[in-house]
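# Overview (structure and organization)
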Amino acid sequence: MAAPSSGRVVSSFQKKGQGKGIQIAGTRPSLHNGQLLLSTGIPSLDHILGGGVAVGTILLIEEDVYTSFARLMLKYFVAEGVMCGHYSFLSSLDPNPDSLLTELPCPVESVLSTSQNVHPPGEVKGHGSSSGSSEKMVIDKGSQGNMEIAWRYQNLPQLKTELATSPNIFGHVYDLTKTMPGNKIDKEKLWCYQHCQTSLDQETTSSQEDYVNSEEDTNAKFDHLFKEIKRVIDITGCNLQTVPNRTISSATKNILRLALLSLGSPLWGDSGSAEGNAAICQFLHQLRATIRKSLAACIITVPTHLFQQMYSRRIERLCDYVVRLESFAGEDKAPAFKEYHGLFHVVQIPRLNCLANYALDTEDLAFKLKRKKFSIEKIHLPPDLSETVSRSQGEHLKTVKGCGGGGASNTSLDF
């Protein structure tokens, strides 16, 4: 006789436990998709990318034709890695990578509050305020300094050009007027690569110009760079394939930041040829597959204006994040952009662990280089320009008089 059933239904579904994820210094999980994020060193750029650069991804910065703002953004990324204690790999052929380390921006130790001269409740300092006007600012003394403004202005949105206004900024703040002290840079966690110093063709007797412009050496440069990156990933222990069955320990794991400056420039070879374009695309294929299985993130700057449009679009598809810089250097600046140095275009944002990617509320972005910092802001119409436009529109409407359209007379309606 069969044993009586206990009546308990056993299901194969199990409740997902809230396990403790990887906690590494200088990282945080994304609120959008749970991916581990790194800071680029620029708070406004972190906000545009959805909180930062995800670990295991590639950020492509398309360089401008006339300026070197992409090089400045790369120095922010390396400086943030130095301050967080991450491993860093820097590659460049134009300037010596060691010289870039001497140009890193200096971190600001104490960040002061951005609020200025907060007045006590009941006291307002303004211009042209009359005590008898019903539309003046009224201070509620019993609500701890909360201001009430005229009813006609209550529903207007506040103008916020800064993209990252949160007091808890992810990452550090840097001062461009100073350089980072040498005692803050840990040389044991930095790798500088320059192919001219570790050439594979030591026995060749050709001249330096023939060596740079040859297509075979172009492929050799990318191959040697990839092998060096893979070697550094294995040395630092950031390769997740080497420890598939071992639990990742937060105390021993670290992040590797890869910074590749001006990849595919004329110093890498003939980037305009089909072989040169195929070489960089093959390199990005291998790099993307390797970074996906590593605790690493990469930022690459590429002069895409030197490539054919077909290959530049292919390079964009081989990266995860893609942004483009378009400076106003060498052209007449429009009055609306007089306080900016160029436009900032977001070309591509990846979909990681979700169906929809992170989207900004606006795509009208511009960047400016101030004395102490580089920032990306929303484009807004200046007040003086908006008044000029509204005044010109009003004068245009005044000229249209009369139902018969009889001309610019100051008489009454013409019936």
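Preceding this paragraph is the structure being described.
Below or above, wherever it landed, is the structure these notes cover. (Residues numbered from 1 in each chain as written. Predicted model: local features only at pLDDT ≥ 70, side-chain atom pairs only at ≥ 80, totals over all residues. Heavy atoms only, no water.)

### Focus on the nonpolar core
Nonpolar side chains in soluble globular proteins tend to end up buried together. Counting 83 residues, the largest nonpolar core has Phe89, Leu263, Phe283, Leu287 and Phe344 as its most contacted members. Broken down by element, the residue count for this core peaks at 10 residues, all from helix α2 (residues 69-84). Those residues within four positions of Phe344 in sequence are excluded, and the remaining contacts are Leu45, Ile48, Met73, Val323, Arg324, Leu325, Glu363, Leu365, Ala366, Phe367 and Ile376. (Core = buried A, V, L, I, M, F, W, Y, C linked by side-chain atoms within 4.5 Å. Buried < 20%, exposed > 50% of the residue type's maximum accessible area, 1.4 Å probe, protein only. Helix = DSSP H or I, 4+ residues; strand = E, 2+ residues; numbered from the N terminus. Contact = heavy atoms within 4.5 Å.)

### Looking at the sheet that holds strand β3 (residues 53-54)
Remark on secondary structure: sheet strands pair via backbone hydrogen bonds, oriented parallel or antiparallel. Read from one edge of the open sheet, three strands run β1-β2-β3, paired in antiparallel fashion. If you trace the sheet from one side to the other, it starts and ends with β1 (27-29) and β3, each paired once. Taken together, the two bridges between strand β2 (residues 36-38) and β3 define a ladder with antiparallel strand orientation. Residue Leu37 lies in a different strand from β3, and its bridge partner there is Ala54. (Pairing = 2+ DSSP bridges.)

### Focus: α2
Relative to the 22 Å expected for 16 residues at 1.5 Å per residue, α2 spans 23 Å between its end C-alpha atoms, a close match to the ideal helical length. The element α2 is extensively covered by neighbouring structure, given that 14 of its 16 residues are classed as buried. (Expected span 1.5 Å × (residues − 1).)

### With respect to the packing of aromatic side chains
Here the structure, examined in full by the defined rule, presents nine aromatic pairs. Plain terms: the ring middles of Phe367 and Phe374 are 5.6 Å apart, the flat faces sit at 35 degrees to each other, and that makes the pair tilted. The burial state of Phe367 is the same as that of Phe374; both residues are buried. Taken together through their ring pairs, the aromatic side chains of Phe69, Phe367 and Phe374 make up a single cluster. Sitting over the face of the ring of Phe77, Arg257 holds its NZ or CZ atom 4.7 Å from the ring centroid. (Phe/Tyr/Trp six-rings, centres within 6.5 Å; stacked < 30°, edge-to-face > 60°. Lys NZ or Arg CZ within 6 Å of the ring centre and 35° of its normal.)

### Thoughts on the pattern of salt bridges
Evaluation of the coordinates by the stated rule reveals 11 salt bridges. In this structure, the salt-bridge partner of Arg71 is Glu103, at a minimum N-O distance of 3.0 Å. Within this pair, whereas Arg71 is found in helix α2, its partner Glu103 is found in the loop between α3 (97-101) and β6 (105-107), the two being separated by 32 residues in sequence. Judged by relative accessible area, Glu103 falls into the partly exposed class, the value being 31%. Between Glu316 and Arg324 there is a salt bridge, with its nearest N and O atoms 3.5 Å apart. The exposure class of Arg324 is partly exposed, given its relative accessible area of 26%. Several salt bridges share partner residues, and in doing so they unite Glu62, Arg313, Glu316 and Arg324 into one network. (Salt bridge = Lys/Arg side-chain N within 4 Å of Asp/Glu carboxyl O.)

### What about the packing of helix α6 (residues 274-292) against helix α7 (residues 309-317)?
Where α6 meets α7, the axes come as close as 10 Å, and the angle between the chain directions of the two elements is 5 degrees. Taken together, the axes of α6 and α7 are roughly parallel relative to one another. Here α6 contributes Ala274, Asn277, Ile280, Cys281, Leu284 and Arg288 to the contact with α7, which in turn contributes Tyr311, Arg314, Ile315 and Arg317. Residue classes in the contact of α6 with α7 are distributed as six nonpolar, one polar and three charged. (Axes fitted to C-alpha atoms, helices over the stretch in contact; angles between N-to-C directions. Parallel < 35°, antiparallel > 145°, perpendicular 65-115°, else oblique. Nonpolar A, V, L, I, M, F, W, Y, C, P; charged D, E, K, R; others polar.)

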